[in-house]
Amino acid sequence: MIPEKLYYDFRDILKAPRIALSGKKIWIFLIGNLIGFTSYWILTYISFALSKYNLSYILNRYGLYPCLFGHDASLVSWFVYYIGIIFWIFSLFFASTAISRITLRQLKGDHLFSIYNAWQFSFKYWKSIIFTPLTILFIIIIFIIIAIFFALISSTVFLGTIIYSALFPLYFFGSIFTIYTFFVLINSFIYTPSIIASYEEDIIGSIFQSYSISWSQPWRIIAYNTLLLFLILISIELYSWFCINGYNFINFIFSHNLLMGEKLINISSFSISVVFPNFLIEYLLELRSTFINPINNYYFKLPNLFDNLILIFKPISRIETFSSILLSTFLFLLGLSIISYAFSIFSTAQTISFIIFKMLTDDDDILKRNDDILKEKETYFDINKNNIQTKKTKK
């Protein structure tokens, strides 16, 4: 096994798009996104039903992308809706942990670490994945409750001002710690999968590592994630360009078939309207222009090799409807793969970042550290086996 050469600085972050461009990693996030999205989709329509909305109208309006925001709904509906969002987030957390584990093994030179082993590792540490950010959030809530309690005490008529003045240093340091913990909470969402994958930490250990890197490496966290944002934007631009031109190339070949041309336009038009409705395309273009073209409305776009298919909406037959639904499934997975690649880059880069942080802060080379631990375990078991064999021989 030949390990990846690391410089332990920002140059290693530049490797993230290349290392993340792996069918294994994209597939893991594709599964995580698919499970999370399906749960969100079902629970969102359940939330609409609980508020007695006409589901046929909502389905025709939103299709694959329902959203409860902007609607009047009951508390139960909002609760069900947020459960769907939270479930999707934690699905991404599990997928991110699996990818971080694969990345760690890959950096060590083990390119045969399987998807099954990655998921198995992720589910083994499910408590740390879920409860690390929730525990940090609970700490913030506890401090806020304590602050409210002391505020009520300070509102008393006679001793309120004296208590406030006497305990002001305590209030000040408590507020500073609460603000700092809020930033730790953000970092826990970013680095918890990498911490668990690299150190195999429990809940307390993951919380400690979150506080540790937030205190010791704040400027590197900001700088590395700023650099990572640009890397993700550029990588997604290139990846989506290949996907779009691959799809257009297929349409270019089949649309010139006299027997297939009209049918292709029919099923493609219907499929694209289902997977990529107008409101979604407008939103994506606006989001793209916000991030990629922020200066003087400069519009940058890679030229397409093949023209986009002209969409013509007309009634289609039953067999064409079935074919369109089948094509919609593949188009949806293709679009989801673009998002999954972005998440793959993010998780890979955060794993590399955490390895850099521990090397610079604690002089702890995680790649070698895990090998040493493995060797110590193997040596321990070998010694025990030899002792057992020796005792049996004496008997």
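Residues numbered from 1 in each chain as written. Predicted model: local features only at pLDDT ≥ 70, side-chain atom pairs only at ≥ 80, totals over all residues. Heavy atoms only, no water.

*Asks:* When you look at the nonpolar core in this model, what are you seeing that I'm missing?
*Replies:* Here is a general trend for soluble globular proteins: nonpolar side chains tend to be buried in one another's company. Judged by nonpolar contacts, the single largest core of 34 residues is most densely connected at Ile 13, Leu 107, Tyr 191, Tyr 341, Ile 345 and Ile 355. Those elements giving two or more residues to this core turn out to be α2 (16-20), α5 (75-107), α9 (168-199), α11 (218-255), α14 (318-362) and α15 (366-394). Broken down by element, this core gets its largest block of residues, ten residues, from α14. Those residues in contact with Ile 355 that lie beyond four places of it in its chain are Leu 6, Tyr 8, Leu 104, Leu 107, Ile 366 and Leu 367. Residues Ile 28, Phe 90, Leu 92 and Ile 130 belong to the second largest nonpolar core, which totals 19 residues. (Core = buried A, V, L, I, M, F, W, Y, C linked by side-chain atoms within 4.5 Å. Buried < 20%, exposed > 50% of the residue type's maximum accessible area, 1.4 Å probe, protein only. Helix = DSSP H or I, 4+ residues; strand = E, 2+ residues; numbered from the N terminus. Contact = heavy atoms within 4.5 Å.)

*Asks:* Looking at this structure, how should I read α14?
*Replies:* Each α-helix turn comprises 3.6 residues. Residues three or four places apart therefore point the same way. Here α14 is 45 residues long and its end C-alpha atoms lie 65 Å apart, about the 66 Å a rise of 1.5 Å per residue gives. Two residues or fewer after α14 comes Asp 363, characterised by a positive phi angle close to 55°. (Expected span 1.5 Å × (residues − 1).)

*Asks:* Help me understand the packing of aromatic side chains, please; the structure alone is not making it clear to me.
*Replies:* Both the distance between ring centres and the angle between the ring planes are used here to describe each pair of aromatic rings. Inspection of every chain in the model, using the stated rule, returns 38 aromatic pairs. Summarising the aromatic geometry, the rings of Tyr 45 and Phe 48 are spaced 6.4 Å apart at their centres and angled 45° between planes, so their arrangement reads as tilted. Highlighted residues: Tyr 45 and Phe 48, both in helix α3 (residues 23-50), separated by three residues, approximately one helical turn. Measuring from centroid to centroid gives 5.8 Å for Phe 93 and Phe 189, while their planes differ by 90°, and the two rings are edge-to-face. Placement of Phe 93 in helix α5 and of Phe 189 in helix α9 is noted, with a sequence separation of 96 residues between them. Put simply, the rings of Phe 37, Tyr 40, Tyr 65, Phe 69, Trp 78, Tyr 81, Tyr 82, Trp 88 and Phe 332 pair up and form one aromatic cluster. In this structure, Arg 11 is placed above the aromatic ring of Tyr 7, and the distance from its NZ or CZ to the ring centre is 4.0 Å. (Phe/Tyr/Trp six-rings, centres within 6.5 Å; stacked < 30°, edge-to-face > 60°. Lys NZ or Arg CZ within 6 Å of the ring centre and 35° of its normal.)

*Asks:* Where do I start with the packing of α9 against α14 in this structure?
*Replies:* It is at 9 Å that the axes of α9 and α14 come closest, and there the two elements cross at 65°. The chirality of how α9 crosses α14 is right-handed. Taken together, the residues of α14 that come into contact with α9 (itself represented by Ile 190, Tyr 191, Ser 194, Ile 195, Ser 198 and Tyr 199) are Phe 346, Ser 347, Gln 350, Thr 351, Ser 353, Phe 354, Phe 357 and Lys 358. Of the residues in the contact of α9 with α14, the class split is seven nonpolar, six polar and one charged. (Axes fitted to C-alpha atoms, helices over the stretch in contact; angles between N-to-C directions. Left-handed = near helix turned anticlockwise from the far one by under 90°. Nonpolar A, V, L, I, M, F, W, Y, C, P; charged D, E, K, R; others polar.)

*Asks:* Sorry, what's going on with the pattern of salt bridges here?
*Replies:* When their charged atoms lie close together, side chains carrying opposite charge are able to pair. Applying the stated rule across the entire model yields seven salt bridges. Each of Glu 4, Asp 12, Lys 15 and Arg 18 takes part in one network of salt bridges that share partners. (Salt bridge = Lys/Arg side-chain N within 4 Å of Asp/Glu carboxyl O.)

*Asks:* Would you explain helix α6 (residues 115-124) in this entry?
*Replies:* Burial in α6 covers these residues: Ala 118, Trp 119, Phe 121 and Ser 122. For α6, the arc enclosing every buried residue in end-on projection is 160°, short of the 170-degree limit, so these residues lie on one face. Looking at α6, the residues exposed on the side facing more than 90 degrees away from the buried face are Tyr 116 and Lys 124. Contacts from the buried residues of α6 go to α3, α5, α7 (126-154) and α9. (Arc of directions from axis to C-beta.)

*Asks:* It is not clear to me how the environment of Ile 207 should be interpreted in this structure. Could you clarify?
*Replies:* Structurally, Ile 207 can be placed in helix α10 (residues 203-216). For Ile 207, a relative accessible area of 9% corresponds to the buried category. In this structure, the C-alpha to C-alpha distance between Ile 207 and Thr 192, residues 15 residues apart in sequence, is 8.4 Å. If we ignore the near neighbours within four places in the chain, the residues touching Ile 207 are Thr 132, Thr 135 and Ile 136.

*Asks:* Can you help me understand unusual backbone geometry in this one?
*Replies:* With glycine set apart, most residues show a phi of negative sign, and most peptide bonds adopt trans. Positive phi outside glycine occurs at Tyr 8, with the angle close to 60°. Looking at the secondary structure, you find Tyr 8 in the segment before α1 (10-13). For Tyr 8, a relative accessible area of 17% puts it in the buried group. Of note in this structure, Asp 363 is not a glycine but carries a positive phi near 55°. With a relative accessible area of 62%, Asp 363 lands in the exposed category.

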